[in-house]
Number of protein chains: 2
Amino acid sequence: MLTERQLYILRVLIDDYIKHVEPVGSRTLSKREDITYSPATIRNELADLEDLGFLEKTHTSSGRIPSEKGYRFYVDHLLPSIFVSPNEMETTELLSTAKVQEAEVLFDQSAKILSDLTNYTSVVLGPNALDMKLRHMQIIPLSSQMAVAIFVTNTGHVENRQIVLPNSIEPSDLEKLVNILNERLAGVRLVELNSRIQMELTAVFKKHLKDYQNVSVFLDQLLLWSKKEKLFYGGKTNMLSQPEFRDLDKVRPLLDFLETRDLMEKLVSSTEEGVTVKIGTENQHEAMKDCSVINASYTMHGKHIGTISLIGPTRMEYRKVISLLDSLSKEMTNRLNNFSE
Amino acid sequence: MLTERQLYILRVLIDDYIKHVEPVGSRTLSKREDITYSPATIRNELADLEDLGFLEKTHTSSGRIPSEKGYRFYVDHLLPSIFVSPNEMETTELLSTAKVQEAEVLFDQSAKILSDLTNYTSVVLGPNALDMKLRHMQIIPLSSQMAVAIFVTNTGHVENRQIVLPNSIEPSDLEKLVNILNERLAGVRLVELNSRIQMELTAVFKKHLKDYQNVSVFLDQLLLWSKKEKLFYGGKTNMLSQPEFRDLDKVRPLLDFLETRDLMEKLVSSTEEGVTVKIGTENQHEAMKDCSVINASYTMHGKHIGTISLIGPTRMEYRKVISLLDSLSKEMTNRLNNFSE
DNA sequence: ATTTAGCACTCGCTTCTGTTGAGTGCTAAC
DNA sequence: GTTAGCACTCAACAGAAGCGAGTGCTAAAT
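From a predicted model like this one, the values you see are computed outputs, not experimental measurements.

(A) The arrangement of the overall build of chain A in detail. Regarding its fold elements, chain A presents 12 helices and 10 strands. Here chain A has a C-alpha radius of gyration of 27 Å; the compact-globule value for 341 residues is 20 Å, and the former is much larger. Within chain A, contacts between residues separated by at least 24 positions form 59% of all contacts whose residues are at least 6 apart in sequence.

(B) Structural context of the interface of chain B and chain A. Taken together, the contacts link 25 residues of chain B with 25 residues of chain A. Of all elements in the fold, only β4 (134-141), β5 (146-153), β6 (158-164) and α10 (248-259) of chain B reach the threshold of two or more residues within the side of chain B that touches chain A. The biggest single contributor to the side of chain B that touches chain A is α10 of chain B, with five residues. Class assignment of the residues belonging to the side of chain B that touches chain A gives a composition of 10 nonpolar, seven polar and eight charged.

(C) Structural detail: the protein's contact with DNA strand D. If you check the shell around DNA strand D, you find 20 residues, and the closest are Thr41 and Ser61 of chain A together with Gly25, Ser26 and Gly63 of chain B. Mapped by element, the contributors of at least two residues to the surface near DNA strand D are α3 (39-51) of chain A together with α2 (26-31) and α3 (39-51) of chain B. The element best represented in the surface near DNA strand D is α3 of chain B, accounting for four residues.

(D) Region of the structure containing the relation of the copies chain B and chain A. For the pair chain B and chain A, the superposition axis carries a translation of 0.1 Å, the fit reaches an RMSD of 0.1 Å, and the rotation angle comes to 180 degrees. In the structure described here, the two chain copies are related by an operation that fits a two-fold rotation axis. Relative to the rotation axis, the C-alpha of Leu248 of chain B is the closest in chain B, positioned 3.4 Å from it. Looking at the interface residues of chain B, 100% of them are also at the interface in chain A, so both copies use one shared face.

(E) Region of the structure containing unusual backbone geometry. In this model, Val21 of chain A sits at a positive phi of 55 degrees, which is unusual for a non-glycine residue. Within the secondary structure, Val21 of chain A sits in the loop between α1 (4-20) and α2 (26-31). Backbone geometry at Asn119 of chain B places phi at a positive 65 degrees, although glycine is not the residue there. When you line up the elements, Asn119 of chain B lands in the loop between α6 (103-118) and β3 (121-125). On the basis of neighbour counts, which here come to 13 C-beta atoms within 10 Å, the residue Asn119 of chain B falls in the partly exposed class.

(F) Highlighting the protein's contact with DNA strand C. Close to DNA strand C lie 20 residues, the nearest being Gly25 and Ser26 of chain A together with Thr41, His59 and Ser61 of chain B. Secondary structure elements with two or more residues in the surface near DNA strand C: α2 and α3 of chain A together with α3 of chain B. For the surface near DNA strand C, the leading source of residues is α3 of chain A, giving four residues. By residue class, the composition of the surface near DNA strand C is five nonpolar, 12 polar and three charged.

(G) Representation of the domain arrangement of chain A within the structure. Assigned domains within chain A: domain 1 (4-78), domain 2 (87-127 + 229-339) and domain 3 (130-222). Distance from the C-alpha centre of domain 2 of chain A to the C-alpha centre of domain 3 of chain A: 36 Å.

(H) Geometry of the sheet that holds β4 of chain B. All names here are of chain B. Strand order in this open sheet of three strands is β4-β5-β6, and the pairing throughout is antiparallel. In the strand order of this sheet, the two ends are held by β4 and β6, each with one partner. Shown here is a sheet whose adjacent strand axes are inclined to one another by a mean of 15 degrees, direction ignored. Examined bridge by bridge, β5 and β6 share seven bridges and lie antiparallel to one another. Residue pairing across strands places Phe151 opposite Glu159, the latter belonging to β6.

(I) Structural context of the environment of Leu13 of chain B. Residue and element names in this part refer to chain B. Considering the arrangement of structural elements, one finds Leu13 in helix α1 (residues 4-20). Accessibility expressed as a C-beta count within 10 Å gives 28 for Leu13, which makes it buried. Spatially, the C-alpha atoms of Leu13 and Leu55 are 9.5 Å apart, while their sequence positions differ by 42 residues. In contact with Leu13, other than residues within four places in its own chain, are Val24, Leu29 and Arg64.

(J) Structural detail: helix α7 (residues 171-185) of chain A. Helix length check: α7 of chain A, at 15 residues, gives a terminal C-alpha distance of 21 Å against a target of 21 Å (1.5 Å per residue), a fit within 8%. Gly187 of chain A sits one or two positions beyond α7 of chain A and adopts a positive phi of about 90 degrees.

(K) The packing of α1 of chain A against α3 of chain A, seen in detail. Residues and elements named next belong to chain A. One can describe the packing of α1 onto α3 by two numbers: an axis separation of 10 Å at closest approach and a directional angle of 85 degrees. Our classification of the angle between α1 and α3 gives roughly perpendicular. Counted together, Arg5, Gln6, Ile9 and Leu10 of α1 and Ile42, Glu45, Asp48 and Leu49 of α3 form the full contact between these two elements. Counted by class, the contact of α1 with α3 contains four nonpolar, one polar and three charged residues.

(L) Structural detail: the sheet that holds strand β9 (residues 291-300) of chain B. All names here are of chain B. Overall, antiparallel pairing links the five strands, which are arranged β7-β3-β10-β9-β8 in an open sheet. The open sheet has two edge strands, β7 (231-234) and β8 (275-279), and neither has a second partner. Across the sheet, the mean angle from the axis of one strand to that of its neighbour is 20 degrees, orientation sign disregarded. Taken together, the five bridges between β8 and β9 define a ladder with antiparallel strand orientation. The residue bridging Thr276 from the neighbouring strand is Asn295, located in β9. Against the sheet, helix α11 (residues 261-268) makes contact with β3, β7, β9 and β10 (303-313), and its axis sits at roughly 85 degrees relative to β3, the strand it touches most.

So, how was this worked out
Residues numbered from 1 in each chain as written. Chains lettered and ligands numbered in written order. Predicted model: local features only at pLDDT ≥ 70, side-chain atom pairs only at ≥ 80, totals over all residues. Helix = DSSP H or I, 4+ residues; strand = E, 2+ residues; numbered from the N terminus. Rg over C-alpha atoms; globule rule 2.2 N^0.38 Å. Contact = placed C-beta atoms within 7 Å. Nonpolar A, V, L, I, M, F, W, Y, C, P; charged D, E, K, R; others polar. Near = placed C-beta within 6 Å. Least-squares fit on C-alpha atoms with pLDDT ≥ 70 in both. Buried ≥ 20, exposed ≤ 12 C-beta atoms within 10 Å, placed from the backbone. Domains from an automatic or database assignment. Pairing = 2+ DSSP bridges. Axes fitted to C-alpha atoms, helices over the stretch in contact; angles between N-to-C directions. Expected span 1.5 Å × (residues − 1). Parallel < 35°, antiparallel > 145°, perpendicular 65-115°, else oblique.

Have a look at this one:
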């Protein structure tokens, strides 16, 4: 168990390191007004904190820097009263200067604002379009063989894809198919369309359509979805201005990581509500080992539908950033729910 | 006028510099088998070439590097027989391993292949969807006030946007409006829709619609397009592995430039057919002053609709790259025209 | 009139060396 | 328990020395 003094020193040291990005030594700490002990005393405490794994040295005679465990502890136990945020106003105002009609614009703006405000890299993981409910679908022929299938969701999102029409399919069947789908499946989530058809509509189809066999194959093609979450970025190159990434060989993997869709999706997806913090290796990827990811979820009708995240060095301004993300995600939630009156 | 020997030396020097990225001196040149003169002679020639502006020195006692003017001359006059390319096969094969259905995928793949093959950054400027012809349009209501407007083009591209329905508009008018638009304006380019309406359809509307005044305002909102060319990137971070951009302060502006839509669009747009080369300051932007941009256009039905470009250091492997872009753009043209049978 | 050898000179780069300063740990005294 | 004192470590910086690749110029050779 840590003593009060150790807690205090740990907190002050991490604050200082976050601010100046330089190993902090006993002398520096003892000079502070609020610390009355001599450097020697502090050195003893620092040595203890190092033994406990909260601090590290960069070389034998250097000052201390926080370890991953140190940051973890700092975030979990030493962040004072973060939710009294003076930021709330700021973000809300910034977001409202841009009057936003469509969700996509909102996401894009939010990412931009967040990265501008923090000088880190931000990512908004958009809602999975496939979780939206079908409002209307349609198939529009382009030629004898090709057509475009269009799915409009209740949120106004439009999914579309080009499909090959088997020439054996009857035009009248196609039309009936679309009608049946619109009548029976409005309000069903896109991902579920296929299973619902399997469960409920095979009979109907067999009854109304001349060549069900063919249509069935076609349906599989039509309703085979690939992932559809969209990523919105802000400040992609902000990493380059972080002193710990002054080195090209360190940034490169990072920037590559940012450009890799799968990895980013995984990094930024979260099932948890509210704000979460992942530090360094907790992110489970080599390229992210010196980064922290702060994740906040936004909701619609109370349901978690996406996240807004911030990626920066492990030495992040956690206090500022966490409160910022908290209020920004709440503001996004507000806006989103206002869209649908 | 340059002598044969000067031409030869210039060419060899630039070749060498492109390969080794190190200033080239007289000794290096004189050691080559195909050069019989002594270093002293070559020094005299180099001094002349420098006086003419084709070469530069990095410091008083360094070897020479090509100047911008030098590269320009090299590209215009010293590139031997570039269009006998052994690359053609390679690219075609690579592109065909991925069987491509939709144009967007083709663009994306092409950009990826190009950047992989060259280790530079590539960009495909997609066709302007607004130049495509209307196949079908539709308005799908979401709520009493909001709706989604959908435009399908002859190429199978789908444009959609959310619109606000003025509550004063009559539902029957809306339906008629859509019908008239589909009947009268199929085959018209999206950009032209509005002017065609002004020219030809006001009378028709006035006749069929109850409240034309209202509809007119609505139409303006509906058909107010913003730019719609899409950019597809490959190898965004490849710049980082170019030795001339080992310096963070040099890459940063570059990467920022790459992320800025407007600038990139401008950089990469080209009205010229075929392959063009812009070197350094010819690109009209500070961030691009040490880069060259190779631009190739692809066409559809003989009409220039977009470009595929490569961005690299001025010291680029022009020979390889130009032939590569030439064949790749031709291959893209082929594919595109095969889409529409 | 070219071409070349020879020479003095320049400059960037690397290596080595010493110095400085911020830091440590340990011990002994307060 | 706290602190002063001391020996020690190490990164960072600066200067000196030497190396090597290059230059321009001049005078001799072709």
